[in-house]
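For reference, the chains in residue letters:
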Amino acid sequence: MKINNKHYHTIWVDDENTQLIQVFDQRFFPHEIKTFDITNTDEAAFAIKEMVVRGAPLIGVTAAYGMYLGCIEAKDRSDRQGYLTQVANKLNATRPTAVNLSWAIKEIQQALSVSDDPDEKIAIALAKANQIKQDDIEVCYRIGQHGLKIIQTIAARKNRDGTKPVNILTHCNAGWLATIDWGTATAPIYQAHEAGINVHVWVDETRPRNQGANLTAFELNQQNVPHTLINDNTGGHLMQHGMVDLVLVGTDRTARNGDVANKIGTYLKALAAHDNQVPFYVALPSSTLDCSIENGVRDIPIETRDEKEVKYIQGRVNGEIKSVLLCPETTPAANYGFDVTPAKYVTGLITERGVCAASEEGIKQLFPEKF
Ligand code: MRU
């Protein structure tokens, strides 16, 4: 997608130096557009843990390139295999909820198992990381195509002349900045916008890190998609008053029973959508499916983060990015990063292979190989 009218991916290998992986430093969006260099495995782990990059698919791709850098670091070591296992463990320990992280690491490990030659391993890991990246772009595009049909149906039902916008509420950032291109929840929105459908997006700010305000608003703005920023708590009110036609969110891990983990607060949106008969769709690449987990609410690991993220808020003051304290300094805060929405509140899962029910049967129909 575009920033200042130029097309970018969220992660790329430098043209001249293949040992340099570059990403946008998402900690500074929308105020500053900076890149961050990843040249070794510690920097890859830092980028994921500190949310330089974030969003389940991008976390996965970054970890894949981290494994590639691990192969370079392992080359001259006597304990090559042991070292690569340590790198995999280090990357896996960065964030617990998005399953794309462990999925991408396993994909690289599997690809590496065919060779013992250190140079060959480096080449294999780079090729596989590049492929995971390319696949994510294709998969998100296809999610967009399937989700577009849902938006087209609502647009047609709502009005013949297209004057009334299809109002879509999204939570957090499941946009192109969470993936490589297109996004998951935003892919249908971008494709509907490109197809000339009148769409308008309600953007939840998503405290405490404000990925909605900082990232989703930024990227929709850059693509000229009409949108309005709302605070986290506004969705229910809008739904009660017929101002939301569709809720469209992403997910960091979807369990075998169709329960979906996503940014904290998603569950409350699903409850409000259910109470107001607003369709609630979840867009996901199959790399986000975790069929080893039978019951998502019970078993998906939920990340807890530093209380400072709740107690302070970051923004731009007089041109400088600053943090300000919101509460008494000594007040304790709890910071759960994600919650799990039970499958019964999910109208459907939009995947690269089509839309299915959020249930074991539904997922099995599209992805039998996952079981
Ligand atoms: O904590 P983050 O910013 O990594 O969380 C991101 C989300 O919760 C997204 O909605 C989710 O990863 C889906 S991304 C396509």
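Residues numbered from 1 in each chain as written. Predicted model: local features only at pLDDT ≥ 70, side-chain atom pairs only at ≥ 80, totals over all residues. Heavy atoms only, no water.

Student: Would you mind going over the nonpolar core with me for this structure?
Tutor: Here is a general trend for soluble globular proteins: nonpolar side chains tend to be buried in one another's company. Residues Tyr65 and Val199 are the most contacted members of the largest nonpolar core, which totals 80 residues. If one sorts the elements of this core by residue count, helix α5 (residues 118–158) sits on top with 15 residues. Split by domain, this core shows at least three residues from each of two domains, domain 1 (2–134) and domain 2 (144–370). With near-sequence residues (within four places) excluded, tyrosine 65 lies in contact with Ile11, Val13, Ile21, Leu126, Ala129, Asn130 and Lys133. (Core = buried A, V, L, I, M, F, W, Y, C linked by side-chain atoms within 4.5 Å. Buried < 20%, exposed > 50% of the residue type's maximum accessible area, 1.4 Å probe, protein only. Helix = DSSP H or I, 4+ residues; strand = E, 2+ residues; numbered from the N terminus. Domains from an automatic or database assignment. Contact = heavy atoms within 4.5 Å.)

Student: Could you clarify how one ought to interpret the site of the ligand in this entry?
Tutor: In the vicinity of the ligand, 18 residues are found, and the nearest of them are Arg54, Arg95, Asp252, Asn262 and Lys263. In this structure, arginine 95 approaches the ligand through a side-chain N or O atom, which is 2.8 Å from an oxygen atom. For the ligand, an oxygen atom lies 2.8 Å from a polar atom in the side chain of aspartate 252. Considering the ligand on its own, with 410 Å² of exposed area, one finds that the protein chains cover 99% of that surface. (Near = heavy atom within 4 Å. Polar contact = N/O pair within 3.5 Å; in protein donor to acceptor, adjacent residues only side chain to side chain. Areas by Shrake-Rupley, 256 points an atom, 1.4 Å probe, with all protein chains shown as cover.)

Student: When you look at helix α1 (residues 41–49) in this model, what are you seeing that I'm missing?
Tutor: Every α-helix carries 3.6 residues per turn, so stepping three or four residues along brings you back to the same face. Restricting attention to buried positions, one finds in α1 the residues Thr41, Ala44, Ala45, Ala47 and Ile48. Each buried residue of α1 lies within a common arc of 160° when the element is viewed along its axis, so the set occupies one face. As for α1, its buried residues are in contact with β5 (35–38), α2 (56–74), α3 (80–92) and α4 (100–112). The opening residue of α1 is asparagine 40, an N-cap whose side-chain oxygen sits 3.1 Å from the backbone nitrogen of aspartate 42. (Arc of directions from axis to C-beta.)

Student: Is there a simple way to explain the sheet that holds strand β13 (residues 289–290) in this structure?
Tutor: Whenever strands of a sheet pair, they do so through backbone hydrogen bonds, lying parallel or antiparallel. Read from one edge to the other, the open sheet built from four strands follows the order β13-β10-β11-β16, with strand pairing classed as mixed. Pairing within the sheet leaves two strands with one partner each, and these edge strands are β13 and β16 (338–341). Relative to strand β11 (residues 260–263), strand β10 (residues 253–255) runs antiparallel, the two being bridged by two bridges. When the bridges of β11 are listed, threonine 254 appears paired with valine 260. Across the sheet, helix α9 (residues 266–275) lies against β11 and β16, angled at about 30° from β16, the strand it touches most. (Pairing = 2+ DSSP bridges. Axes fitted to C-alpha atoms, helices over the stretch in contact; angles between N-to-C directions.)

Student: Would you take a moment to explain the sheet that holds strand β7 (residues 199–204) for this structure?
Tutor: Reading across the sheet, the seven strands line up as β8-β7-β6-β9-β12-β17-β18 and stay open at both edges, with mixed pairing between neighbours. Looking at strand neighbours, the two that pair on one side only are β8 (227–230) and β18 (354–356), the edges of this open sheet. Looking at each pair of strands side by side, their axes are set apart by 25° on average, direction ignored. Relative to β7, strand β6 (residues 166–170) is paired through five bridges, and the arrangement is parallel. Within β7, the position partnered with asparagine 167 by the bridge is histidine 200. Across the sheet, helix α7 (residues 211–222) is in contact with β6, β7 and β8; its angle to β7 comes to roughly 160°. Of the strands in this sheet, β6, β7, β9 (246–249) and β12 (280–283) are in contact with α9, which crosses β12 at around 145°.

Student: Explain the domain arrangement of the protein here, please?
Tutor: Many structure descriptions define interface size as the accessible area lost when the parts assemble. Split by domain assignment, the protein resolves into domain 1 (2–134) and domain 2 (144–370). Placing a centre on the C-alpha atoms of domain 1 and another on those of domain 2 gives a separation of 25 Å. In this complex, domain 1 contributes 34 residues to the contact, which on the side of domain 2 involves 35 residues. Linking arginine 95 and glutamate 303 is a salt bridge whose minimum nitrogen-to-oxygen distance equals 2.8 Å. (Salt bridge = Lys/Arg side-chain N within 4 Å of Asp/Glu carboxyl O.)

Student: Just checking my understanding: could you explain the pattern of salt bridges for this structure?
Tutor: Per the counting criterion, the structure on display carries 20 salt bridges. Here glutamate 107 makes a salt bridge to lysine 128, at a shortest N to O gap of 3.4 Å. On the criterion of sequence distance, the pair formed by glutamate 107 in helix α4 and lysine 128 in helix α5 is long-range, its members being 21 residues apart. What makes glutamate 107 partly exposed here is its relative accessible area of 22%. Between glutamate 307 and lysine 311 there is a salt bridge, with its nearest N and O atoms 3.5 Å apart. The structure contains a network of salt bridges with shared partners spanning Arg95, Arg209, Glu303, Arg305 and Glu309.

Student: Can you walk me through unusual backbone geometry in this structure?
Tutor: Trans is the common state for peptide bonds, and a negative phi is the common state for residues other than glycine. Phenylalanine 29 connects to proline 30 through a cis peptide bond whose omega is 0°. Along the polypeptide, proline 30 turns up in the loop between β4 (21–24) and β5. At the junction of arginine 207 and proline 208, the peptide bond is cis and its omega measures out at 5° in the coordinates. Phi at cysteine 172 is positive, roughly 65°, even though this residue is not glycine. With respect to the helices and strands, the residue cysteine 172 is situated in the loop between β6 and α6 (186–194). Among the residues examined, cysteine 172 registers a relative accessible area of 5% and is labelled buried. In the Ramachandran plot, tryptophan 182 falls in the positive-phi region, its phi being about 70° despite a non-glycine side chain. Position of tryptophan 182 relative to the elements: it lies in the loop between β6 and α6.

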